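Each chain, letter by letter, is given below.
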Amino acid sequence: MDFTRVYRNQSFYLGYDHTVIDCTDIPGSDCYCDQDAAKTIQARIAAHPLRAVHFLDTGNHHYMTKFWTDRINTDFVLVVADHHHDMQSPMFENFLSCGGWVRTVLETNPYLKQVLFIGVSEDYAMVGNDARTFLYPAMPSPSLPVYISIDKDVLHPGVVTTNWDQGSMSFRQLQSIIKEVMLRYRVLGVDICGECTFCIDNRSDLINGRLLSCITAGYQAT
């Protein structure tokens, strides 16, 4: 998903069968996604498979997970690795936000039964007590398949730089948890965001490549 052209400076995907979906011409899609942008995005991803690894660009576009999971037609668990829970109440009606998309999916997708959060900061307390949410290492029952969504801001800034404040997780910790989830559950699809448009190092390219290698190996094992 090319919103900011950031992947044009990266090479992690070149050895894989891949498609670049150009979204640079879609207004109303940065942080908040309006209804016109949503329709355009949904049309552009319609022909592409759910069971893949979707790179969503910056954390400003994490709401893209809603559009991918809208295509799931069986009961499932959403696994979210993120420094933030993205469960904020909406500031504007009829707008999907990068900070509230999980809440929106919980409220609107009848197939979503539970959410497993990985790495959410204690500084971002969730309002209310939704019995459908779990905080790792607590795990939902393995009877349902999962969709995995990773925001690289869950990682320590020493590992990679993103455009949001970040957590303290090492790559090895995140990789271990992702492997555990992929061994325990049937995986319907995966997406990854957390690019940094102003970074001048190649750490994001390297981390994307390591995540892609880990996830494709997990797909092949199931």
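Everything below is about the structure printed above this text.
A quick note: this is a predicted structure, and the numbers were derived from the prediction, not measured.

S.K.: Which residues make up the sheet that holds strand β5 (residues 112-118), and what values do they have?
M.R.: Taken in spatial order, the 6 strands line up as β2-β8-β7-β3-β5-β6 in an open sheet, and their pairing is parallel. Each of the sheet's edge strands pairs with one partner strand only, and the pair in question is β2 (53-55) and β6 (133-135). Along the sheet, successive strands turn relative to each other by an average axial angle of 15°, direction set aside. Strand direction decides the pairing type here: β5 and β6, joined by 3 bridges, are parallel. When the bridges of β6 are listed, V115 appears paired with T133. Sheet strands touched by helix α3 (residues 101-108): β3 (76-81), β5, β6 and β7 (146-151). Its angle to β5, the strand with the most contacts, is close to 160°. With respect to the sheet, helix α4 (residues 171-184) is in contact with β3, β5, β7 and β8 (187-193), its orientation differing from that of β7 by roughly 170°.

S.K.: Could you give me a rundown of the nonpolar core, with the residues and numbers involved?
M.R.: Core analysis: the largest hydrophobic core is formed by 35 residues, its most contacted members being I148, I150, L174 and I215. Elements that contribute at least two residues to this core include exactly β2, β3, β5, β7, α4, β8 and α5 (203-220). Once residues within four sequence positions are removed from consideration, I215 is found in contact with V53, I150, I178, M182, V190 and I192. By size, the runner-up hydrophobic cluster in this structure holds 33 residues, among which are C23, V80, L106 and V115.

S.K.: Please provide a residue-by-residue account of the packing of aromatic side chains, values included.
M.R.: Enumeration according to the criterion identifies 5 aromatic pairs in this entry. Ring geometry for F12 versus F55: centroids 4.6 Å apart, planes at 55°, classification tilted. Of this pair, F12 sits in the segment before β1 (32-33) while F55 sits in strand β2, and the two are 43 residues apart along the sequence. Measuring from centroid to centroid gives 6.1 Å for Y63 and F67, while their planes differ by 80°, and the two rings are edge-to-face. We classify Y63 as buried; its relative accessible area is 0%.

The rules behind each value
Residues numbered from 1 in each chain as written. Predicted model: local features only at pLDDT ≥ 70, side-chain atom pairs only at ≥ 80, totals over all residues. Heavy atoms only, no water. Pairing = 2+ DSSP bridges. Helix = DSSP H or I, 4+ residues; strand = E, 2+ residues; numbered from the N terminus. Axes fitted to C-alpha atoms, helices over the stretch in contact; angles between N-to-C directions. Contact = heavy atoms within 4.5 Å. Core = buried A, V, L, I, M, F, W, Y, C linked by side-chain atoms within 4.5 Å. Buried < 20%, exposed > 50% of the residue type's maximum accessible area, 1.4 Å probe, protein only. Phe/Tyr/Trp six-rings, centres within 6.5 Å; stacked < 30°, edge-to-face > 60°.

Functional significance is not addressed by these values, which are geometric in nature.
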